[in-house]
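Notes for the structure review
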Amino acid sequence: MSVRLKFVLLITLFVSLIFLLSFFVIYFLYARTRQDDYNRRIWAHAYQEYTNYYQLSDTDNRIKSKLAYYLPGTLVNFKVTILDSNYRVVYSNPILQDYKVDTARLLTIHEIKESHFNIDDSQAIGLYIDDFGKPAYIIASGYDKFGVARLATLRKIIFTVAIGGILIIGVFALYTVFLYTKPLVELSNQMRDITENNLKLRVFTGANN
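Residue numbers here run from 1 along each chain, matching the order of that chain's written sequence. This being a predicted model, a pLDDT of at least 70 is required before a residue's local features are given, and a value of 80 or more before pairs of side-chain atoms are given or counted; all residues contribute to the totals for chains, interfaces and linings. For side-chain calculations, the full set of non-hydrogen atoms in the structure is used, while hydrogens and water are omitted.

**Re helix H1 (residues 3–53)**
Counted at 1.5 Å a residue, the expected span for H1 with its 51 residues is 75 Å, and the 74 Å between its end C-alpha atoms agrees. Remark: Gln-55 follows H1 within two positions and exhibits a positive phi of approximately 55°. Helix and strand assignments follow DSSP, with helices taken as H or I runs no shorter than four residues and strands as E runs no shorter than two, numbered in order from the N terminus. Every helix has an expected span of 1.5 Å times one less than the residues it contains.

**Observations regarding the sheet that holds strand E1 (residues 76–84)**
Two strands qualify as a pair provided DSSP detects at least 2 bridges between them. Taken in spatial order, the five strands line up as E2-E1-E5-E4-E3 in an open sheet, and their pairing is antiparallel. A strand with exactly one partner marks an edge of an open sheet, and here the two such strands are strand E2 (89–93) and strand E3 (114–119). Recorded for the sheet is a direction-independent mean angle of 15° between the axes of neighbouring strands. Direction of pairing for E1 relative to strand E5 (residues 136–143): antiparallel, over a ladder of seven bridges. In the strand pairing of E5, Ile-82 is matched with Ile-138. In what follows, residue pairs with any heavy atoms lying within 4.5 Å of each other are defined as contacts. As a rule, the C-alpha atoms of each element are fitted with a line to give its axis, helices using only the stretch in contact, and angles between N-to-C directions run from 0 to 180 degrees. Of the strands in this sheet, E1, E2, E3, strand E4 (122–129) and E5 are in contact with H1, which crosses E4 at around 45°.

**Comments concerning the packing of aromatic side chains**
The pairing test for Phe, Tyr and Trp rings, Trp by its six-membered ring, is centres within 6.5 Å, and the orientation test on the planes gives stacked under 30 degrees, edge-to-face over 60, and tilted for anything in between. Tallied over the entire structure, the rule returns 11 aromatic pairs. Relative to Phe-28, the ring of Phe-24 has its centre 6.4 Å away and its plane inclined at 20°; by these criteria the two rings are stacked. Placement of the pair is Phe-24 and Phe-28 together in helix H1, with a separation of four residues, close to one helical turn. Each residue's exposure class comes from its accessible area (1.4 Å probe, protein chains only) as a fraction of the maximum for that residue type: buried when under 20%, exposed when over 50%, partly exposed otherwise. Residue class for Phe-28 comes out partly exposed when judged on its relative accessible area of 44%. Judged by centre distance (5.4 Å) and plane angle (40°), the ring pair of Tyr-53 and Tyr-91 falls under tilted. With a gap of 38 residues between them, Tyr-53 in helix H1 and Tyr-91 in strand E2 connect regions that are remote in the sequence. Accessibility expressed as a relative area gives 35% for Tyr-53, which makes it partly exposed. A network of ring pairs unites the aromatic residues Trp-43, Tyr-47, Tyr-50, Tyr-53, Tyr-54, Tyr-91 and Phe-132 as a single cluster. Only Lys NZ and Arg CZ are tested; either one counts as a charge over a ring when it is within 6 Å of the ring centre and within 35 degrees of the ring normal. Taking the ring centre of Phe-117 as reference, the NZ or CZ of Arg-105 above it sits at 3.8 Å.

**Notes on unusual backbone geometry**
Following Asn-93, the chain continues into Pro-94 via a peptide bond in cis, with omega recorded as 0°. Tracing the backbone shows Pro-94 in the loop between E2 and helix H3 (103–112). Even without glycine at this site, Gln-55 takes up a positive phi of about 55°. Mapping Gln-55 onto the fold places it in the loop between H1 and helix H2 (61–70). The exposure class of Gln-55 is exposed, given its relative accessible area of 72%. For Asp-120, which is not glycine, the phi dihedral falls at a positive 55°. Structurally, the position occupied by Asp-120 is in the loop between E3 and E4.

Here you go:
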């Protein structure tokens, strides 16, 4: 492999790595933002189910503001279960869902008050609330159908743009390197032609006299 081709590959690899790293950061940040946003939406719906079941009214303006922002819109495949302090299911929506009590998880939720985890393809949240004299565990889950679809579309866009971008970078690097090293290659060829038996040859530099 010639030096010029090695140089082209080096430039293409270096720029492509920066290119791909930038796309990875964009994708990671978007995926994290989508997950955090959907977790807040699940929290809002779970909290509302709790207050509705116990017929409570929250006077905390901060809570009200979060509920007003994250409650609009329905959640796909939304499920919620409320358990009392003795781990007994007191409310379930949908009614026929089969909830298996996980004591270890409930103990963790009791300790940290809010836990996020996954149930199959759904995001889930576990809450322990004891602010109204009605201690309860709320387990809620939902599938972010539209957010996941947008994330899949973003993956396709990133893949397409990345492939196209790498090809463009490679072609541009090839053209640039060959263009700017052409005089050096020609000079090298001329110098190679000058031998002890052919000293009358002169090197053409391209400069005008």
